[in-house]
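# Architecture and fold: a report
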Amino acid sequence: MTRIRFPDFLLVGALFLLGLAGAGGARAATQTHTVTNYLTHCGGCHGIEGISGRTFVPTLRDQVGWFVCSPEGRDYLVRVPGISMSLIRDDQELADVLNFVVFRLGGSSTPTGTRPFTAAEVHKLRAQPLQTDDLMALRAEVLSRARAACPH
Ligand code: HEC
């Protein structure tokens, strides 16, 4: 599944963490933990910078933010199996990872004024994982409705 060779993954991950550690204080510690969680639980499929390349795994970088343009799309982001069923069981930690994905990796695709995901929102929605025979078709429909609702 992973397209990243292991030594590269470690090196780039370490540089990423060192950069964040420079920010200082408890906030940096939380951020570092969040990035470690992303790298450990998500990065193998989605790529360390949210670029998954030529796989069936969607690219997050500069695209994932489109989903939050509709309430349905926002819910989808928590209900998608990779998130709702994540081994990150702590709702706050999962919300932190999702916010990292949406606000950092999502870049300009994320509309200004988007509310961060809360632990309560994650708690409620992860209990309703998407159930469909054709996740890719459902994803395409949710995404096209969300994009139509985006400001740009
Ligand atoms: C086993 C590979 C895999 C893992 C691990 C994984 N994902 Fe995914 N992710 C996918 C696939 C494939 C999709 C497309 C929907 C589907 O088929 O589940 C997806 C969809 C998404 C989406 C919706 C965006 C879109 O374009 O559909 C987000 C956001 C996301 N993943 C974030 C995460 C986060 C955060 C983690 C870690 C907590 C994670 N994923 C773990 C494979 C993975």
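Residues numbered from 1 in each chain as written. Predicted model: local features only at pLDDT ≥ 70, side-chain atom pairs only at ≥ 80, totals over all residues. Heavy atoms only, no water.

## Some details on helix α2 (residues 25–41)
Helix length check: α2 (17 residues) gives 24 Å between terminal C-alpha atoms against 24 Å at 1.5 Å per residue, within 8%. Within α2, the full set of buried residues consists of A28, Q31, T34, V35, N37, Y38 and L39. (Helix = DSSP H or I, 4+ residues; strand = E, 2+ residues; numbered from the N terminus. Expected span 1.5 Å × (residues − 1). Buried < 20%, exposed > 50% of the residue type's maximum accessible area, 1.4 Å probe, protein only.)

## Considering the site of the ligand
Around the ligand, a shell composed of 22 residues is seen, among which C42, C45, H46, Y76 and R139 lie nearest. At a separation of 2.7 Å, an oxygen atom of the ligand approaches a polar side-chain atom of Y76. R139 is positioned with one of its side-chain polar atoms (N or O) 2.6 Å from an oxygen atom of the ligand. Taken together, the elements giving at least two residues each to the shell around the ligand come down to α3 (43–46), α4 (71–79), α5 (81–84), α6 (91–105) and α8 (135–149). Tallied by class, residues from the shell around the ligand come to 17 nonpolar, four polar and one charged. In this structure, the shell around the ligand is formed jointly by two domains, domain 1 (6–46) and domain 2 (64–149), each of which donates at least three residues. (Near = heavy atom within 4 Å. Polar contact = N/O pair within 3.5 Å; in protein donor to acceptor, adjacent residues only side chain to side chain. Nonpolar A, V, L, I, M, F, W, Y, C, P; charged D, E, K, R; others polar. Domains from an automatic or database assignment.)

## Focus: the environment of A127
With respect to the helices and strands, A127 occurs in the loop between α7 (119–126) and α8. A127 sits in the exposed class, given a relative accessible area of 61%. In this structure the C-alpha to C-alpha distance between A127 and M85, which are 42 residues apart in sequence, comes to 8.9 Å.

## A word on the coordination of the iron atom of the ligand
Think of it this way: four donors in a tetrahedron around the metal ideally sit 109.5 degrees apart, and six in an octahedron ideally sit 90 or 180 degrees apart. You will see that the iron atom of the ligand has only one donor from the protein, H46 (NE2), lying 2.0 Å away. When you line up the elements, H46 lands in helix α3. (Donors = N, O, S within 2.8 Å, 3.2 Å for Na, K, Ca; no water.)

## Overview of the packing of aromatic side chains
Per the stated rule, a full pass over the model turns up two aromatic pairs. Ring centres of Y38 and F100 lie 5.5 Å apart, and the angle between their planes is 55°; on these two criteria the pair is classed as tilted. Taken together, the residues Y38 in helix α2 and F100 in helix α6 connect sequence positions 62 residues apart. Residue Y38 is classed as buried on the basis of its relative accessible area, which comes to 0%. Arranged with centres 4.8 Å apart and planes meeting at 15°, the rings of F67 and Y76 form a pair that is stacked. (Phe/Tyr/Trp six-rings, centres within 6.5 Å; stacked < 30°, edge-to-face > 60°.)

## Examining the pattern of salt bridges
Under the criterion given, the structure shown has four salt bridges. The residue D91 makes a salt bridge to R126 at a minimum N-O spacing of 3.2 Å. Here D91 is found in helix α6, whereas its partner R126 is found in helix α7, with 35 residues between them in sequence. (Salt bridge = Lys/Arg side-chain N within 4 Å of Asp/Glu carboxyl O.)

## Observations concerning unusual backbone geometry
For D62, which is not glycine, the phi torsion reads 60° and is therefore positive. In this structure, D62 sits in the loop between α3 and α4.

## Some thoughts on the nonpolar core
In this structure, Y38, F67, Y76, L77, L98, V101 and F117 are the most contacted members of the largest nonpolar core, which totals 32 residues. Looking at this core, the elements that each hand over two or more residues are α2, α4, α6, α7 and α8. For this core, the domains that each give at least three residues are domain 1 (6–46) and domain 2 (64–149). (Core = buried A, V, L, I, M, F, W, Y, C linked by side-chain atoms within 4.5 Å.)

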